Amino acid sequence: MVPADHGQGEPPLHVAGRAQPVDEDHGWLPIPAIGMVQIHPIEVEVARPKLGHGRLPLPPDALPGATSPARPLALPPGPSLCRTSLLCWVMRDRPRVRMAPSPTGYVHLGSARTMLYNVLFARAQGGRVVLRIDDTDLGRSEPEYEQAIFDGFHWLGLDWDEGPDVGGPHGPYRQSERLDLYREHAVRLLQSGAAYRCFCTPEELAAERAEAERRRRPYRYSRRCLVDPPRYRQEFAVRLRVPEGETTFTDLVRGEIRVENATIGDPVIVKSNGWPTYNFASPVDDALMEITHVFRGEEHLPNTPVQLMILDALGYRRPQALIHLPVIVGKDRKKLSKRHHPEVRLGLYQELGFLPEALVNYLALLGWNPGTDQEIFSFEELVRAFDVSRVQRASAMFDWDKLEWINGQYIRRLSDRELADRLRPYLADLPEETVTAAAPALKERLPYLGRASELLAYLRTPPAPPELDPEQREMVRAARERLEEVDWAPGPVESALEELRRERGWSRGRLYTPIREAVAGRVSPPLHYTLALLPRDEALARLRRAAG
RNA sequence: GGCCCCGUCGUCUAGUGGACUAGGACGCAGCCCUCUCAAGGCUGAGAUCGCGGGUUCGAAUCCCGCCGGGGCUACCA
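Residues numbered from 1 in each chain as written. Chains lettered and ligands numbered in written order. Predicted model: local features only at pLDDT ≥ 70, side-chain atom pairs only at ≥ 80, totals over all residues. Heavy atoms only, no water.

1. Concerning the overall build of chain A
So the rule is basically this: Helical segments are the DSSP runs of H or I of at least four residues, strand segments are the runs of E of at least two, and each set is numbered from the N terminus. Only protein chains enter the accessibility calculation, which uses a 1.4 Å probe. A residue is then buried if its area is under 20% of the maximum for its type, exposed if over 50%, and partly exposed in between. Residues count as neighbours in contact if any of their non-hydrogen atoms are within 4.5 Å of one another.
Scanning chain A from terminus to terminus reveals 20 helices and 17 strands. Residues classed as buried in chain A amount to 51% of the 548 residues present. Looking at chain A alone, contacts between residues at least 24 apart form 71% of all its contacts between residues at least 6 apart.

In structure tokens form, the structure reads like this:
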């Protein structure tokens, strides 16, 4: 049985196996690391996808009732084999994924998520992660931002196998160091007629655009320089000559996407300064670096046809799979942006004291879900659970409350020792012993570490002495006397206070409230901590000041 | 405007024609616990599944139309 349209010359992928694990209703066999595969009573066969086409064709003799897969498949590159056995195994090339940020500012939260999905996918498949710096924007790229990218990803615990800092066989990994490569490819396109020189000035282009705007027509480059290039001009850019027809591809999240080429104007691929544009450099590098799966934000979806045209014109294989992740939006339902959303900046979370593993957990759930009720995942669990076919299509709204909740969950799971260590930078003005002693009391009260400081503000600033009635003054005085001869630690302080309370028959609320007000103000950690965290003399002085 | 994508509680989502009186989580409300604040436990409110047509004995799930939202429309990435 040979499926209808497997790629020319591409050997079909044979997946033979017992029909035992078959989902009878659909005729699909789930194969780990591949996805759902069409099953036949005894034998399973899958077409090797054409380059970049991951959808599984329905075999001519499919089981009755079989339908096309709800989601397209991620099929492995290279020869794939699955042998008859109760346990199905698959031999295939290792996937290669890439993260390609541009060093034009702080690290974007969306980049962090894209990196995360890349890493989760690669780790689960035994693939490699490539970090490439897309610094072709001379005006905005700054070397110091590159370090911010490294730091940000490292902070999250997301590492890469190849990159500008660690090297690798496909380098260099900065686009600014690959200019010769792009030049070479541009020449090829020029020679084959797939691209042409454009001498138009920015002013002329602006005029064209304005004219289109005025006539309320969609703007596309006029191809003036293709038809009738001006003479005597020296400066030029290079444009791709968009071929006729349509471009189709399969996105693993969205399925088949089809775009009429006529709706795309000839894009510039080499700027007049000789540098490539993103749309040119990116696909060339993806091909040269043998990237198999491209994860990126949905905002790149409209770029994809252009990039595929370039690949086609160059005779390169398309990446095996494209995965466009839903954009992350703010409360206003707009894409997170520097201007309107302070929460885009990855560094913010580090500064406020979110635990990187908690942020990773939250980000994983923003646009993906495991299909179970599990909300808290270790990194290893995420690697195991992550499945591209469960990535959402609709954009995801960033939810600060849920992030805080997840972060709180992680904080509470820390040991006292660990929490104290992590807290130290956020309480740098406090003695180390104080931080260590405070950790247990803080644990259940912190949405993020940066809050510790305000919870312990009374250590630095004494409260205004409270107004107490005579009975309360007596309580505070008695407490102070009792505390004078007690070991200064939460445990003994608590015992002493409880003893006093029982002796006098005072309720906790009545005794503790005036003490708390005298020592810390309205809200503070449990009273024995509140007291013991303060130096004994200071605590007693505050009690004396309130009640004599 | 054009092209593309998307549309289930406020939010993240489960759901792939009957088990859906639409499930979970965050948030919200109430109660319990309690020395304040938290944490934790319990209970609850909250979704005419964007709208309108169809197909079907039966639709959140399939089809068509509409509406709404978003992304892109740079010699930015």
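2. Quick notes on the packing of helix α17 (residues 490–504) against helix α18 (residues 508–519)
How we decide: Lines fitted to the C-alpha atoms define the axes, with helices restricted to the stretch that makes contact. Angles between their N-to-C directions range from 0 to 180 degrees. By the definition adopted for this analysis, an angle is roughly parallel if under 35 degrees, roughly antiparallel if over 145, roughly perpendicular if from 65 to 115, and oblique otherwise. Each helix crossing is assigned a hand: it is left-handed if the near helix lies turned anticlockwise from the far helix by less than a right angle, otherwise right-handed if that turn is clockwise. For this scheme, ten residues count as nonpolar: Ala, Val, Leu, Ile, Met, Phe, Trp, Tyr, Cys and Pro. Four count as charged, namely Asp, Glu, Lys and Arg, and the remainder, Gly too, count as polar.
The contact between α17 and α18 brings their axes to 10 Å, and the two run at 130°. Relative to α18, the element α17 lies oblique. In terms of crossing hand, the pair formed by α17 and α18 is right-handed. Here L497, E498, L500 and R501 of α17 lie close against α18, whose contacting residues are R508, L511 and Y512. Looking at the contact of α17 with α18 residue by residue, the class counts come to four nonpolar, no polar and three charged.

3. Looking at the pattern of salt bridges
Rule in force here: By definition here, a salt bridge exists when the distance from a side-chain nitrogen of Lys or Arg to a carboxyl oxygen of Asp or Glu is within 4 Å.
Scanning all chains against the criterion turns up 39 salt bridges. Linking E204 and R233 is a salt bridge whose minimum nitrogen-to-oxygen distance equals 2.6 Å. Taken together, the residues E204 in helix α4 (residues 202–214) and R233 in the loop between α5 (224–227) and β10 (237–240) connect sequence positions 29 residues apart. For R233, a relative accessible area of 30% puts it in the partly exposed group. The salt bridge partner of D421 is R424, with a shortest N-O separation of 2.9 Å. One salt-bridge network, in which partners are shared between bridges, spans R98, R132, D134, R178, D285 and D286.

4. A few points about the protein's contact with RNA strand B
Operational definition: Residue proximity to a molecule or strand is established when one non-hydrogen atom of the residue lies within 4 Å of it. N or O atoms closer than or at 3.5 Å make up a polar contact, with two conditions inside protein: a donor-capable atom paired with an acceptor-capable one, and, for residues adjacent in sequence, both atoms drawn from side chains.
Lining the immediate surroundings of RNA strand B are 63 residues, of which D137, R333, E444, R445 and R508 lie closest. Near the protein, within 4 Å, the atoms of RNA strand B are sugar or phosphate in 72% of cases. T136 has a polar side-chain atom sitting 2.5 Å from a phosphate oxygen of RNA strand B. C200 is positioned such that a nitrogen or oxygen atom in its backbone is 2.8 Å from a base nitrogen of RNA strand B. Top contributing element to the surface near RNA strand B by residue count: helix α11 (residues 400–413), with five residues. Among the residues making up the surface near RNA strand B, the classes are represented as 22 nonpolar, 15 polar and 26 charged.

5. Observations concerning helix α3 (residues 179–192)
The line we're drawing: Multiplying 1.5 Å by the residue count of a helix minus one yields the expected span of that helix. This arc is built from the directions going out from the helix axis to the C-beta atoms.
Between the first and last C-alpha of α3 there are 20 Å, a value that for 14 residues agrees with the 20 Å anticipated at 1.5 Å per step. All of the buried residues in α3 are L179, Y182, H185, A186 and L189. Buried residues in α3, looked at end-on, bunch into an arc of 130°, giving them a common side. Exposed residues on α3 whose side chains face more than 90 degrees from its buried face are D180, Q191 and S192. In the core, the buried residues of α3 are packed alongside β9 (195–198), β13 (268–270), α6 (278–288) and α7 (304–314). Once α3 ends, the next one or two residues include G193, with phi positive near 85°.

6. A word on the environment of G274
As for its position among the elements, G274 is in the loop between β13 and α6. Classification of G274 by relative accessible area gives partly exposed; the value is 30%.

7. With respect to the nonpolar core
Heads up, the condition is: What we call a nonpolar core is a set of buried Ala, Val, Leu, Ile, Met, Phe, Trp, Tyr and Cys residues that are connected through their side-chain atoms within 4.5 Å.
In terms of nonpolar packing, the biggest core is built from 105 residues, with Y349, L423, L456, I515 and L531 touching the most fellow members. For this core, the element with the highest residue contribution is helix α1 (residues 109–125), accounting for nine residues.

8. Digging into the confidence of the model for chain A
Heads up, the rule is: One confidence number per residue, pLDDT, is output by the predictor and ranges from 0 to 100.
Taken as a whole, chain A shows an average pLDDT of 85; of its residues, 83% reach a score of 70 or greater. Here residues 1–91 scores under 50 on pLDDT; set against residues more than four positions off or in separate chains, the count is 178 contacts.

9. A short note on the packing of aromatic side chains
For clarity, the cut-off: Think of it this way: a Phe, Tyr or Trp ring, Trp meaning its six-membered ring, pairs with another when their centres are within 6.5 Å, and the plane angle makes it stacked under 30 degrees, edge-to-face over 60, tilted otherwise.
Counted under the stated rule, the structure contains 14 aromatic pairs. Between W368 and F386, the aromatic rings sit 5.5 Å apart at their centres with planes inclined by 40°, giving tilted as the arrangement. Here the residue W368 occupies a position in the loop between α9 (356–365) and α10 (379–385), and F386 occupies one in the loop between α10 and β17 (396–397), the gap between them amounting to 18 residues. Judged by relative accessible area, which is 9%, F386 ranks as buried. Taken together, the ring pairs in this structure connect Y349, F354, Y362, F398, W400 and Y448 into an aromatic cluster.

10. Observations regarding unusual backbone geometry
Backbone torsion omega between G171 and P172 reads -5°, so that peptide bond is classified as cis. Located in the positive-phi region is R333, a residue other than glycine, with phi close to 65°. Note that R333 resides in the loop between β16 (328–329) and α8 (346–352). In this structure R333 comes out as exposed when scored by relative accessible area, which is 60%.

11. Digging into the sheet that holds β9
In sheet architecture, strand pairing relies on hydrogen bonds along the backbone and comes in two forms, parallel and antiparallel. This is how it is decided: Strand pairing is assigned whenever DSSP identifies at least 2 bridges connecting the two strands.
Reading across from one edge, β9-β10-β13 is the order of the three strands in this open sheet, with antiparallel pairing throughout. Single-partner strands in this sheet number two, and they are β9 and β13. Geometrically, the sheet is characterised by an average inter-axis angle of 45° between neighbouring strands, direction not taken into account. Relative to β13, β10 runs antiparallel, the two being bridged by two bridges.

12. Some thoughts on the state of the cysteines
The following threshold applies: Disulfides are defined as pairs of cysteine sulfur atoms found within 2.5 Å of each other.
Tallied over the entire structure, the rule returns zero disulfides. Distance from the sulfur of C200, which forms no disulfide, to the nearest cysteine sulfur (C225) is 3.5 Å. Residue C200 is classed as buried on the basis of its relative accessible area of 12%.

13. What about the environment of E177?
Relative to the helices and strands, E177 is located in the loop between α2 (143–155) and α3. For the pair E177 and T136, spaced 41 residues apart in the sequence, the C-alpha separation amounts to 9.8 Å. Here R174 takes part through its side chain, which lies 2.8 Å from a polar atom of the side chain of E177.

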